[in-house]
Amino acid sequence: MTRPEMKYLLFIFLLLSTNCSRKMNIQSIPYNNQLKKVALLDIIFSTISLEEIPEPYFKDYSHHKSATVRNYKSYDTMGFKDILLKHLSKNFECTVLKLIIITPKGEKLHYDAFAYLSDKRIIGMHLEDKKSFKLWMDIILKDQYQKLEEYKNNGQFERQPDLNPNPQFMLTLGKGQFSRKWVNSGMLVDEKPYENVGAYLYKNAPKQYNEAKIAKEKQNYIKKYIDTTYRSNVDKVLLKKLFDEFIRVKKIKPELSKNNEQVYKEFETSAGYAFPEELKLLLSLHNGIENTGFLTAEQILDEWNNWKEIYDSVDWMLIDLTGNSHPDGRKTIGIYTNPYWIPFLSTGSGNFIAIDYAPGNKGTSGQIIAFGADETKIRFIANNLEGFFRKLIDGKDVLNNGFLE
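Note that this is a predicted model, so its numbers are computed, not measured.

Further remarks concern the overall build of the protein chain. When its secondary structure is counted, the protein chain shows 14 helices and twelve strands. In terms of overall dimensions, the protein chain is more spread out than a globule: its C-alpha atoms have a radius of gyration of 28 Å, far above the 22 Å expected for 405 residues. If one aligns the C-alpha atoms of the protein chain with their principal axes, the spans along those axes are about 85 × 65 × 40 Å. Every one of the 405 residues in the protein chain was classed for burial, and the buried ones make up 46%. In the protein chain, 60% of the contacts between residues at least 6 apart in sequence involve partners at least 24 apart. Of the roughly 21900 Å² of accessible surface on the protein chain, 49% is carried by carbon and sulfur atoms. The averaged location of the 51 negative side-chain charges in the protein chain is 3 Å from the averaged location of its 56 positive side-chain charges.

Grouped together as the largest cluster of nonpolar side chains are 58 residues, with contacts concentrated most on Phe294, Phe344, Ile368, Phe388 and Phe389. The element contributing the most residues to this core is helix H12 (residues 297-312), with six residues. Non-local contacts of Phe389, meaning those with residues more than four positions away in its chain, are made with Leu239, Leu242, Phe243, Phe246, Leu282 and Phe294. Core analysis: the second largest hydrophobic core is formed by 35 residues, Leu99, Ile101, Met125 and Phe157 among them.

According to the stated counting rule, one finds 15 salt bridges in the structure shown. In this structure, Arg248 and Glu245 form a salt bridge, with 2.7 Å as the shortest nitrogen-oxygen distance. Here the residue Arg248 and the residue Glu245 both occupy positions in helix H9 (residues 236-250), the gap between them amounting to three residues, near one helical turn. Residue Glu245 is classed as partly exposed on the basis of its relative accessible area of 28%. Close ionic contact of Arg379 with Glu375 constitutes a salt bridge, the shortest N to O distance being 3.0 Å.

Moving on: the confidence of the model for the protein chain. For the protein chain, the average pLDDT comes to 89, and 91% of its residues sit at 70 or higher. In the model, residues 1-24 has pLDDT below 50 throughout and makes 42 contacts with residues more than four positions away in sequence or in other chains.

One pass over the full model with this rule turns up 34 aromatic pairs. Taking 4.9 Å as the distance between ring centres and 75° as the angle between the ring planes, the aromatic pair formed by Phe169 and Trp182 counts as edge-to-face. Of this pair, Phe169 sits in strand E7 (residues 168-174) while Trp182 sits in strand E8 (residues 177-183), placing them 13 residues apart in sequence. The same class applies to Phe169 and to Trp182, which are both buried. Through a chain of ring-to-ring contacts, three or more aromatic side chains come together here, namely Tyr264, Phe267, Tyr273, Phe275, Trp304, Tyr340 and Tyr357. The ring of Tyr116 carries Lys98 above its face, with NZ or CZ at 5.8 Å from the centroid. Sitting over the ring of Tyr311, Lys218 keeps its end group 5.4 Å from the ring centre.

Before going further, it helps to examine the sheet that holds strand E11 (residues 367-372). Taken in spatial order, the four strands line up as E9-E10-E11-E12 in an open sheet, and their pairing is antiparallel. Each edge of the open sheet is held by one strand with a lone partner, namely strand E9 (341-348) and strand E12 (379-382). Strand after strand, the sheet turns through a mean of 30° between neighbouring axes, direction not considered. Note: E9 against strand E10 (residues 351-356), six bridges, orientation antiparallel. What sits directly across from Ser346, in E10, is Phe352. Seen against the sheet, helix H14 (residues 385-393) touches E9, E10, E11 and E12 and runs at an angle of roughly 85° to E12.

Below, the discussion takes up unusual backbone geometry. Most of the time, phi is negative for any residue but glycine, and the peptide bond is trans. A positive phi angle, close to 60°, is found at Lys108, a residue other than glycine. Along the chain, Lys108 turns up in the loop between strand E4 (96-102) and strand E5 (111-117). Look at Lys108 and you get exposed, because its relative accessible area is 79%. Residue Asn184 is not a glycine yet carries a positive backbone phi of 55°. Locating Asn184 in the fold gives a position in the loop between E8 and helix H7 (197-203).

Another aspect to go through is the environment of Leu285. Here Leu285 is to be found in the loop between helix H11 (277-283) and H12. Sequence spacing of Leu285 and Gly186 is 99 residues, and the spatial spacing of their C-alpha atoms is 73 Å. Those residues in contact with Leu285, other than ones at most four positions away along the chain, are Lys240, Phe243, Pro254, Glu255 and Ser257.

Attention now goes to helix H8 (residues 211-222). Given a rise of 1.5 Å per residue, twelve residues ought to cover 16 Å, and the 17 Å separating the end C-alpha atoms of H8 matches this to within 8%. Turning to H8, its buried residues number three or more, namely Ile214, Lys218, Tyr221 and Ile222. Down the axis of H8, the sector holding all buried residues measures 90°, keeping them to one side. Pointing more than 90 degrees away from the buried face of H8 are the exposed residues Ala212, Lys213 and Lys216. Buried residues along H8 sit against H12 and helix H13 (318-323).

Conventions and cut-offs
Residues numbered from 1 in each chain as written. Predicted model: local features only at pLDDT ≥ 70, side-chain atom pairs only at ≥ 80, totals over all residues. Heavy atoms only, no water. Helix = DSSP H or I, 4+ residues; strand = E, 2+ residues; numbered from the N terminus. Rg over C-alpha atoms; globule rule 2.2 N^0.38 Å. Buried < 20%, exposed > 50% of the residue type's maximum accessible area, 1.4 Å probe, protein only. Contact = heavy atoms within 4.5 Å. Areas by Shrake-Rupley, 256 points an atom, 1.4 Å probe, with all protein chains shown as cover. Lys, Arg positive; Asp, Glu negative; His and termini not counted. Charge placed at Lys NZ, Arg CZ, Asp CG, Glu CD. Core = buried A, V, L, I, M, F, W, Y, C linked by side-chain atoms within 4.5 Å. Salt bridge = Lys/Arg side-chain N within 4 Å of Asp/Glu carboxyl O. pLDDT = per-residue confidence, 0-100. Phe/Tyr/Trp six-rings, centres within 6.5 Å; stacked < 30°, edge-to-face > 60°. Lys NZ or Arg CZ within 6 Å of the ring centre and 35° of its normal. Pairing = 2+ DSSP bridges. Axes fitted to C-alpha atoms, helices over the stretch in contact; angles between N-to-C directions. Expected span 1.5 Å × (residues − 1). Arc of directions from axis to C-beta.

Printed below as a string of structure tokens:
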């Protein structure tokens with residue numbers, strides 16, 4: 001054996017010998033540029049049991065207000081997707097971000113499958129063509145099989161000899177992904193995973209694998225709105241006067257304030273900008289106010305970190321963050337969360353009032369907004385903290401979640 005041959009075999013051994021799961025000793029392929037060179041014969045497929053997958057079941061419409069809908073029968077294919085991904089994630093002790101399944105090449109043969117794991121490894125699998133899994137696959141690919149029968153019955157394959165009368169089908173599952181395609185059929189829309197499997201797997205990796213690209217996309221979106229320079233000179237006298245009036249009108253008693261300098265330093269280290277001066281003043285007047293939702297300094301830092309973790313996560317791409325959140329005119333921006341909102345009051349159920357250092361084109365830095373789990377619109381509330389307290393004192397209901405409006 002020549003030295004180049006020995007070197008190549010050693011490369012393949014190292015490539016395929018890394019375990020994703022200590023428990024199962026499953027062999028996996030690392031996602032890197034060398035993946036493009038991997039051929040089908042280089043991959044060691046593991047046979048995975050799917051005995052725990054339930055038989056096909058219908059969606060639960062029992063609580064729908066319409067009697068017609070309650071009686072409608074539709075297989076819960078999205079539920080099957082979630083069960084399958086969770087089952088494989090449990091087996092591999094690693095989250096499956098994306099799963100490609102290719103139907104068997106013949107009767108009583110296995111499905112080929114490739115699982116993309118969250119730790120940037122790919123596992124090749126053989127899934128048995130039987131029991132509940134087969135039933136689910138037949139249901140999901142019913143339209144593709146019917147179309148194939150139509151082609152056969154109308155003489156499509158006789159008229160187009162380049163077409164394969166026995167193609168395979170591909171099912172791709174993942175977050176927000178459920179697609180069905182033809183494989184090796186000879187059609188222009190064909191998928192060809194077997195021709196150069198390594199390059200195909202590399203090209204079709206989940207977007208979560210591209211952390212740098214995802215982070216840059218978010219940064220390019222948010223940077224044009226960031227303004228942390230506002231409010232360097234807070235009107236301390238006026239803010240304290242409004243706070244005292246709020247306490248008097250609402251007949252509430254704040255907890256005694258304490259030294260929060262360490263919290264402010266931790267925030268600045270993580271955020272890259274200073275803790276808001278107006279919040280420092282507010283926290284010099286209280287350390288939480290019972291039954292009002294006002295947060296302590298530690299709680300503000302905790303909540304800010306929680307929302308920053310969502311923003312930074314590769315599971316939340318820019319399209320996910322902006323897809324279901326809407327701006328309030330042009331005063332706010334339509335994004336689910338970002339590190340330039342500092343929540344200081346909880347309105348319950350994962351919703352917050354925050355100081356906004358990334359306002360819309362018609363907004364102002366330091367304005368007060370509402371955002372959170374139920375706030376479909378990022379609501380503008382006041383130009384600043386003083387305006388916010390004026391509205392609270394006047395009895396205006398500024399705390400209602402956006403979905404109630």
